Amino acid sequence: MKTFIAEALPYEYEFRMDNTALLIIDMQRDFCENGGFGELLGNDIALTKGIIPTVKRMLETARKEGMLVIHTREGHRPDLSDCPPQKLKRSKKQGAGIGDVGPMGRILVRGEYGHDIVEELYPIEGEIIIDKPGKGAFYATDLELVLQTRGIENLIVCGVTTHVCVSTTIREANDRGFNCVLLSDCSAAFDPQDHEATLKSIHQQGGIFGWVSSSDKIIEALEK
Ligand code: TIU
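Here the residue index of a chain counts from 1 through its sequence in written order. Thresholds applied to this predicted model are a pLDDT of at least 70 for local features of residues and 80 or more for the giving and counting of side-chain atom pairs; totals over whole chains, interfaces and linings are not thresholded and use all residues. Hydrogens and waters are ignored; side-chain quantities use all the structure's heavy atoms.

This part takes up the side chain of His 76. If you trace the backbone, His 76 turns up in the loop between strand E4 (68–74) and helix H5 (85–93). Note on classification: 1.4 Å probe, protein chains only; a residue is buried when its accessible area is under 20% of the maximum for its type, exposed when over 50%, partly exposed between these limits. Judged by relative accessible area, which is 0%, His 76 ranks as buried. Polar contact is the term for a pair of N or O atoms within 3.5 Å; when the atoms are in protein, one must be able to donate a hydrogen and the other to accept it, and sequence-neighboring residues count only if both atoms are side-chain atoms. Among the polar contacts listed, one links the side chain of His 76 to the side chain of Lys 87, at a separation of 2.9 Å. Contacts between residues were defined by any pair of non-hydrogen atoms, one from each residue, lying within 4.5 Å. Residues contacting His 76, with those up to four places away along its chain left out, are Asp 82, Cys 83, Pro 84, Lys 87, Ile 98, Leu 108, Val 109, Arg 110 and Pro 133. Each helix is a run of DSSP H or I of at least 4 residues and each strand a run of E of at least 2, with the numbering of both proceeding from the N terminus.

What follows is the structure, encoded as structure tokens:
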């Protein structure tokens with residue numbers, strides 16, 4: 001099986017097509033469109049919305065190359081029985097009450113319009129959707145089982161927000177033995193400083209949590 005080598009930090013990231021998945025974290029309306037959870041928390045959604053075209057290009061490349069694609073969505077059951085009371089309480093205090101009715105339906109609740117993935121990146125048949133109640137995509141989900149079943153060892157990770165759900169998921173993946181590369185141009189935080197700090201936290205110390213690269217560099221490696 002051919003090995004692809006992409007320029008990355010702290011050094012080149014090597015991957016094969018058969019054991020690598022593209023993991024797209026929480027590209028939901030609730031984080032990328034007006035009136036969603038992200039904005040109601042007090043954030044500007046320009047940057048999370050802004051990466052949609054770049055993520056779309058990476059997603060289309062992965063589809064073309066036959067790479068496994070996994071999408072995640074943060075959200076809760078309609079009765080909020082899987083939402084920790086502390087998380088609920090803090091969201092309400094911040095004016096973004098989980099389960100409250102917002103302009104896109106009930107905030108961060110499964111089945112609601114705002115909870116779903118943005119139109120441009122909507123999963124197609126054969127792609128996997130992981131619904132997660134937490135920030136990390138491994139917590140209280142079957143993601144690890146799905147990756148093991150498919151023989152996945154490398155994760156190309158992108159989505160929102162870099163410092164919250166993306167970072168938490170990479171940390172969880174790293175402890176489980178997966179090699180993660182975060183795409184800097186396909187991930188975003190509401191505040192660019194949080195994004196930049198997270199990139200550094202991943203590739204520092206010889207890649208303490210993994211690698212940082214970009215969609216351009218991954219696509220360039222695939223096309224070489
Ligand atoms: N608030 C924030 O930055 N993020 C989240 O609450 N969830 C995700 O990152 N998906």
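Put simply, a nonpolar core is a bunch of buried Ala, Val, Leu, Ile, Met, Phe, Trp, Tyr and Cys residues held in one set by side-chain atoms that sit within 4.5 Å of each other. By size, the foremost hydrophobic cluster in this structure holds 45 residues, and its most contacted members are Phe 15, Leu 22, Met 27 and Ile 218. Residue assignment for this core shows that the elements contributing at least two residues are strand E1 (3–6), strand E2 (13–16), strand E3 (20–25), helix H1 (29–32), helix H4 (52–65), strand E8 (154–160), strand E9 (179–188) and helix H9 (215–223). If one sorts the elements of this core by residue count, H4 sits on top with five residues. Apart from the residues within four sequence positions on either side, Leu 22 is in contact with Met 58, Leu 59, Ala 62, Met 67, Leu 68, Val 69, Ile 70, Ile 156 and Cys 158. In this structure, Ile 70, Leu 143, Ile 170 and Leu 199 belong to the second largest nonpolar core, which totals 26 residues.

Moving on to the site of the ligand. Here a residue is considered near a molecule or strand provided that any single heavy atom belonging to it is located within 4 Å of it. Taken together, Asp 26, Phe 31, Phe 37, Leu 41, Glu 74, Lys 135, Val 160, Thr 161, His 163, Val 164, Cys 165 and Phe 190 make up the full set of residues near the ligand. Asp 26 is positioned with one of its side-chain polar atoms (N or O) 2.7 Å from a nitrogen atom of the ligand. Between the ligand and Lys 135 there is a distance of 2.8 Å, counted from an oxygen atom to a side-chain nitrogen or oxygen. Note on areas: these come from Shrake-Rupley sampling with a 1.4 Å probe, and a residue is covered only by the protein chains present in the view. Within the complex, 93% of the 280 Å² of free accessible area of the ligand lies under protein. Looking at the shell around the ligand element by element, the count peaks at three residues for helix H7 (residues 162–175).

Here we come to the packing of aromatic side chains. Only Phe, Tyr and Trp rings are paired, with Trp represented by its six-membered ring, and only when their centres lie within 6.5 Å; those with planes under 30 degrees apart are stacked, over 60 edge-to-face, the remainder tilted. Inspection of every chain in the model, using the stated rule, returns six aromatic pairs. A centroid spacing of 5.1 Å and a plane angle of 65 degrees characterise the contact between Tyr 13 and Trp 211, whose relative ring orientation is edge-to-face. With Tyr 13 in strand E2 and Trp 211 in strand E10 (residues 211–213), this residue pair connects regions lying 198 residues apart in the sequence. A residue is classified by how much of its surface remains accessible, and Tyr 13, at 1% relative accessible area, is buried. Put simply, the rings of Phe 4, Tyr 11, Tyr 13, Phe 15 and Trp 211 touch in pairs and so form one group of aromatic residues. Placement of a charge over a ring requires the Lys NZ or Arg CZ to be within 6 Å of the ring centre, with the centre-to-atom vector within 35 degrees of the ring normal. The ring of Tyr 113 has Arg 29 sitting right over it, with the charged end atom 3.7 Å from the ring centre.

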